[in-house]
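For reference, the chains in residue letters:
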There are 2 protein chains.
Amino acid sequence: MTHPKRADTSAPLHPLLAERWSPRSFDPSHQLDDSDLHPLLEAARWAPSANNSQPWRFLVTRRGGDDFTRLHAALNPGNQAWAGAASALLLVAAHTVDEAGRPRPYALYDTGQAVAHLAVQAQAHGLALHQMGGFDAAAVRDAFGLDATLTPVVVVALGRVDAPERLPAPLAERERTPRQRHALDSLLLAPAPAVASA
Amino acid sequence: MTHPKRADTSAPLHPLLAERWSPRSFDPSHQLDDSDLHPLLEAARWAPSANNSQPWRFLVTRRGGDDFTRLHAALNPGNQAWAGAASALLLVAAHTVDEAGRPRPYALYDTGQAVAHLAVQAQAHGLALHQMGGFDAAAVRDAFGLDATLTPVVVVALGRVDAPERLPAPLAERERTPRQRHALDSLLLAPAPAVASA
């Protein structure tokens, strides 16, 4: 069976990539065990980073816990509408400045790679995640007492995908829409011709 | 056989992640065919991004071509020493501002995810990549006539791993050193206790 969210790729991709997508419909009865969570965090841990700086940090909250409720409350209303069914909400933060306050220009880039690794490992465990930029970063900083060198980056909803019917109508429809991307050609830069030196 | 660069993980990872690393020793006889390159770019194409903005762009150069020589010349000397043996050098850029000049705060984060997908797909094809922040971004911008909304992010060396012996002595030694990461516990944030409301 071809899942409607399987990427319509112009070349065959590894199934862990082709079948990955960002659901909004999560199974509200699924519990995330430590044994499922640990490899996901471990996958993020082994991502590459500039000078091996490893700027990513994670705050893990699980549905039913007070931390989860606090993190959920900081989401934009559009995300609150569905993310409460996730098994876990992870706050992903990055050390965007070093101990001396100097910017780390690759902190966000590297953190993106770490979460991508986490997503691939999740896919290997039959789990899925949905990354959200739509949350109140200042509220999160206050709620969880984040260090000043840490920047909240995304909140990740993590869990087991459920049928779209569980969602309210407009979201359910969106859940069934095929995924789309720019054409590959439009992502490729054509270099300017080399200028002959005088 | 356990490869010395296989990650010493605290939980089993999918082999595509556990065996991924960033070599400096590339096989200077390996040619990257279009059929090998295409799925890698396609994997990047299907990465998730904020509001599906897909800010990543790629400039592909292959060893032996003039573009490769120009991109190689913009690398820091420490990277020039080994990266010339790669089959391809990819300039990865991101649309860090939109058409109206407004910043796109997730452009670097999303681009990191796209390159992580590319790396996983490369691993599935028996290829490896090494991402470099060490290059002259202004020189790259000039050399390739990049649009003002595009920011050069990394240069990726891509190819087939070769024996470390091909490298000069200090680099060869580094190639054999086990990979290291912070302990998982140190990546986990402990939330401050919730403050009871008055």
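Residues numbered from 1 in each chain as written. Chains lettered and ligands numbered in written order. Predicted model: local features only at pLDDT ≥ 70, side-chain atom pairs only at ≥ 80, totals over all residues. Heavy atoms only, no water.

Would you mind showing me how to read the pairing of strand β1 (residues 56-62) of chain B here?
Consecutive residues of a regular strand have side chains that alternate between opposite faces of the sheet. All names here are of chain B. The buried fraction of β1 is high, at five of seven residues. Sheet topology places β1 next to strand β2 (residues 88-95); seven bridges connect them, and they run antiparallel. Pairing of L59 across the sheet is with L91, part of β2. (Buried < 20%, exposed > 50% of the residue type's maximum accessible area, 1.4 Å probe, protein only. Helix = DSSP H or I, 4+ residues; strand = E, 2+ residues; numbered from the N terminus. Pairing = 2+ DSSP bridges.)

What should I look at first to understand the relation of the copies chain B and chain A in this one?
What connects the two chain copies is a rotation about an axis and a shift along it. After a rotation of 180 degrees and a shift along the axis of 0.0 Å, chain B superposes on chain A with an RMSD of 0.0 Å. Overall, the copies show the geometry of a two-fold rotation axis. A shared interface surface links the copies, since 100% of the contact residues of chain B are contact residues in chain A too. (Least-squares fit on C-alpha atoms with pLDDT ≥ 70 in both. Contact = heavy atoms within 4.5 Å.)

Is there a simple way to think about the sheet that holds β2 of chain B in this case?
To summarise the sheet geometry, strands pair through backbone hydrogen bonds and adopt either a parallel or an antiparallel arrangement. Residue and element names in this part refer to chain B. Pairing within the open sheet is antiparallel, and its four strands lie in the order β1-β2-β4-β3. Two strands lie at the open edges of the sheet, namely β1 and β3 (128-132), each paired on one side alone. Neighbour-to-neighbour, the strand axes of the sheet open up by a mean angle of 25 degrees, direction not taken into account. The pairing of β3 with strand β4 (residues 150-159) spans five bridges and is antiparallel. Directly across from M132, in β4, lies its bridge partner V155. Taken strand by strand, helix α2 (residues 34-45) contacts β1, β2 and β4, and its axis lies near 165 degrees from that of β1. Its contacts with the sheet put helix α6 (residues 137-144) on β1, β2 and β4, and the angle it makes with β4 is roughly 90 degrees. (Axes fitted to C-alpha atoms, helices over the stretch in contact; angles between N-to-C directions.)

Would you mind going over the packing of aromatic side chains with me for this structure?
Between two aromatic rings, the relevant description is the distance of the centres plus the angle of the planes. All names here are of chain A. On inspection of all chains with the given rule, the structure shows four aromatic pairs over all chains. With centroids separated by 6.3 Å and ring planes inclined at 25 degrees, the aromatic side chains of F26 and W82 adopt a geometry described as stacked. In this pair, F26 is assigned in the loop between α1 (15-18) and α2 (34-45) and W82 in helix α4 (residues 77-83), connecting sequence segments 56 residues apart. With respect to burial, F26 and W82 carry one shared label: buried. Geometrically, the ring pair formed by Y106 and Y109 is edge-to-face, given 6.0 Å between the ring centres and 80 degrees between the ring planes. (Phe/Tyr/Trp six-rings, centres within 6.5 Å; stacked < 30°, edge-to-face > 60°.)

Please clarify how the sheet that holds strand β4 (residues 150-159) of chain A should be interpreted in this entry.
All names here are of chain A. Overall, antiparallel pairing links the four strands, which are arranged β1-β2-β4-β3 in an open sheet. Looking at the sheet topology across the chains shown, the edges are occupied by β1 (56-62) and β3 (128-132). The mean angle between the axes of side-by-side strands here comes to 25 degrees, regardless of whether they run parallel or antiparallel. Strand contacts of α2: β1, β2 (88-95) and β4, with the helix running at about 165 degrees to β1, the strand carrying the most contacts. Packing against the sheet, helix α5 (residues 107-124) makes contact with β1, β2, β3 and β4, and its axis sits at approximately 150 degrees to β2.

How should the UniProt feature "domain: Nitroreductase" (unreviewed entry) in chain A be read in this particular structure?
Residues and elements named next belong to chain A. As recorded in UniProt, the sites labelled "domain: Nitroreductase" (unreviewed entry) are residues 18-63 and 76-160. From the first C-alpha to the last, residues 18-63 spans 28 Å; its make-up is 28% helix and 15% strand. End C-alpha atoms of residues 76-160 are separated by 22 Å, and the span's content is 39% helix alongside 27% strand. (UniProt positions renumbered as here; feature names shortened; annotations may be inferred.)

It is not clear to me how the interface of chain B and chain A should be interpreted in this structure. Could you clarify?
Interfaces are often sized by the accessible area lost when the parts come together. At the junction of the two partners, chain B supplies 70 residues and chain A supplies 70 residues. Viewed at the interface, chain A and chain B are joined by zero salt bridges. Counting across the chain B and chain A interface gives 33 residue pairs in polar contact (both at pLDDT 80 or more). Listed by contribution, the elements that provide at least two residues to the side of chain B that touches chain A are α1 (15-18), α2, β1, α3 (66-73), α5 (107-124), α6 and β4 of chain B. Among the elements that make up the side of chain B that touches chain A, the one with the highest residue count is α5 of chain B (11 residues). The residue makeup of the side of chain B that touches chain A, split by class, is 41 nonpolar, 19 polar and 10 charged. (Salt bridge = Lys/Arg side-chain N within 4 Å of Asp/Glu carboxyl O. Polar contact = N/O pair within 3.5 Å; in protein donor to acceptor, adjacent residues only side chain to side chain. Nonpolar A, V, L, I, M, F, W, Y, C, P; charged D, E, K, R; others polar.)

What is the right way to read the environment of T9 of chain B from this model?
Position of T9 of chain B relative to the elements: it lies in the segment before α1. When its relative accessible area of 21% is taken as the criterion, T9 of chain B is described as partly exposed. As for T9 of chain B and Q180 of chain B, which are separated by 171 residues in sequence, their C-alpha atoms are 9.9 Å apart. Excluding residues within four positions of it along the chain, T9 of chain B makes contact with E42 and W46 of chain A.

Quick question: what am I supposed to make of the packing of α2 of chain A against α5 of chain A here?
When two helices pack together, their arrangement is captured by the angle between the axes and the distance separating the axes. Residues and elements named next belong to chain A. It is at 7 Å that the axes of α2 and α5 come closest, and there the two elements cross at 145 degrees. In this structure, α2 meets α5 at a crossing whose hand is right-handed. From α2, P39, L40, L41, A43 and A44 reach across to α5, where they touch A114, H117, L118, Q121 and A122. When grouped by side-chain class, the residues that make up the contact of α2 with α5 number eight nonpolar, two polar and no charged. (Left-handed = near helix turned anticlockwise from the far one by under 90°.)

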